[in-house]
Amino acid sequence: MPSLYFAQGIPYVVVMTLSVVLYKNLGISNTDIALYTSWLYLPWVLKPLWSPLAELFGTQRRWVTVLQFFIGAALAGVALTLPMERAFQLSLAVFWLMAFASASHDIAADGYYMLALPRHSQAAFVGVRSTFYRLANIGGQGGLVYLAGELTERSGSAAAAWTAVFWLLGALFVALAGWHAFVLPRPAADIRGPGRKAARGLAREFLAVFASFFRKPGIVVTLGFLLLYRFPEAQLLKLASPFLLDPADKGGLGLSTKAVGIAYGTVGLTALTLGGLAGGWVIARFGLKRALWPLVLAMHLPNLAFLALALAQPGSLWVVSGALAVEQFGYGLGFTAYLMYMILVAEGPHKTAHYALCTGFMALGMMIPGMWSGWLQDHIGYVPFFGWVLLATLPSFMMTALIRIPEGFGSKESA
């Protein structure tokens, strides 16, 4: 389970985070970075629509290992494209393939997790799987970004440095896929799907489940909350790394790639993880209804840290890291409320499918605002942009005021 969920985290952080830093190092504009990398969310938006295929064809174990080999090949494919003349377009096409493979791997890995472990062991391993998923994020966003910065300083070429990073990452992922092909258990419950002959009946069943989701009471408010809760963060996250990397004359902090790996990829993500743990404790202690507004405020108010950094432009890495830690810790706190609300929405006879639909809307809420964020920043600068991000918290507050949470939901005493 640790290695499986470490493998699940790597391609996601590569597609969503490393691609941004890579393209910034290659001199791509913030407008193009935000627009085209935001489109990479689309496979996670559409993931619920093709999730039944994993049950129709083959076993979950087979899907996991085959997709891991494909992701390893895609990582090597990025390395092949970077020295080419049209590196941006070609690497972006490979990232698209990797994104679809990663979203599909999420389906298979989660399905395998439920089939390979009895229910009591599933609960026991929840902390393990989330910890190693986070470690993959820290290793990617922190360690690999730092490595790329170090290689850039030594070689003098960002393209050559990132080519080496992706060759290394591809080799490691293929090795990880080979390891899983041999060591993953073969649970008796993980049987081969019925194939095409059952597809028509399954399609009808899926449409019925899909329709039942949109018949839930207050579904309009629910969808508004799912789409707008992270409205400011969707814009901020796409510009965070470019802001840290851009020189002072462009309004950025002028950090090196190595420093970004330390400040944002290591310190920031560690604070995010701790914030998530603290948010879970708060909800378990007080329930989601009582904790909701404090967690929402904890998520959005620390965005002031980016505005303060843009205004002050401190030269100290310690100051920058501290500000990012505060912002990420608050984000981790607030995101737990969002996850618990999705669990509440998914309650009922089709819990798994409805939760998958919630995650699809969550990804859509990140994709659309992120697409225009780079264009907006390029036109107004970083200080007004971070001011706009603070103003963009208002739709989130409005939707939070409209949702209804049962008394005691999520608290340990209620459970």
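Please read these numbers as outputs of a predicted model, since none were measured by experiment. (Residues numbered from 1 in each chain as written. Predicted model: local features only at pLDDT ≥ 70, side-chain atom pairs only at ≥ 80, totals over all residues. Heavy atoms only, no water.)

A.B. asks: With reference to specific residues and values, describe the layout of surface pockets.
C.D. replies: As a volume, the second largest pocket reaches approximately 240 Å³. Secondary structure elements with two or more residues in the lining of the second largest pocket: α10 (219–228) and α15 (317–346). Considered class by class, the residues forming the lining of the second largest pocket number nine nonpolar, two polar and two charged. (1 Å grid on protein atoms, 1.4 Å probe; cavity = no way out; pocket = protein on both sides within 12 Å on 5 of 7 lines; lining within 4 Å. Points joined across faces, edges and corners; volume = space filled by probe spheres on them. Helix = DSSP H or I, 4+ residues; strand = E, 2+ residues; numbered from the N terminus. Nonpolar A, V, L, I, M, F, W, Y, C, P; charged D, E, K, R; others polar.)

A.B. asks: Can you explain the environment of L304? Please cite residues and give values.
C.D. replies: Structurally, the position occupied by L304 is in helix α14 (residues 304–312). Looking at L304, the relative accessible area reads 46%, which means it is partly exposed. L304 sits 23 residues away from E327 along the chain, and the two C-alpha atoms are 8.1 Å apart. (Buried < 20%, exposed > 50% of the residue type's maximum accessible area, 1.4 Å probe, protein only.)

A.B. asks: Before we move on, could you go through the pattern of salt bridges and cite the residues and values that matter?
C.D. replies: The full count for this structure, using the stated rule, is five salt bridges. Between R154 and E150 there is a salt bridge, with the nearest N and O atoms lying 3.0 Å from each other. Taken together, the residues span about one helical turn, with R154 and E150 both in helix α7 (residues 119–155) at a distance of four residues. The shortest N-O distance in the salt bridge between E150 and K258 comes to 2.9 Å. Of the two residues, E150 sits in helix α7 while K258 sits in helix α12 (residues 257–286), which places them 108 residues apart along the sequence. (Salt bridge = Lys/Arg side-chain N within 4 Å of Asp/Glu carboxyl O.)

A.B. asks: Tell me about the packing of helix α11 (residues 231–245) against α12, and name the residues and values.
C.D. replies: Across the interface, α11 lies against α12 with an axial gap of 9 Å and an inter-helix angle of 135 degrees. For the element pair α11 / α12, the angle class is oblique. Note that α11 runs across α12; the crossing there is right-handed. Across the interface between the two elements, L237, A240, S241, L244 and L245 of α11 pack against T257, V260 and Y264 of α12. Taken together, the residues of the contact of α11 with α12 sort by class into six nonpolar, two polar and no charged. (Axes fitted to C-alpha atoms, helices over the stretch in contact; angles between N-to-C directions. Parallel < 35°, antiparallel > 145°, perpendicular 65-115°, else oblique. Left-handed = near helix turned anticlockwise from the far one by under 90°. Contact = heavy atoms within 4.5 Å.)

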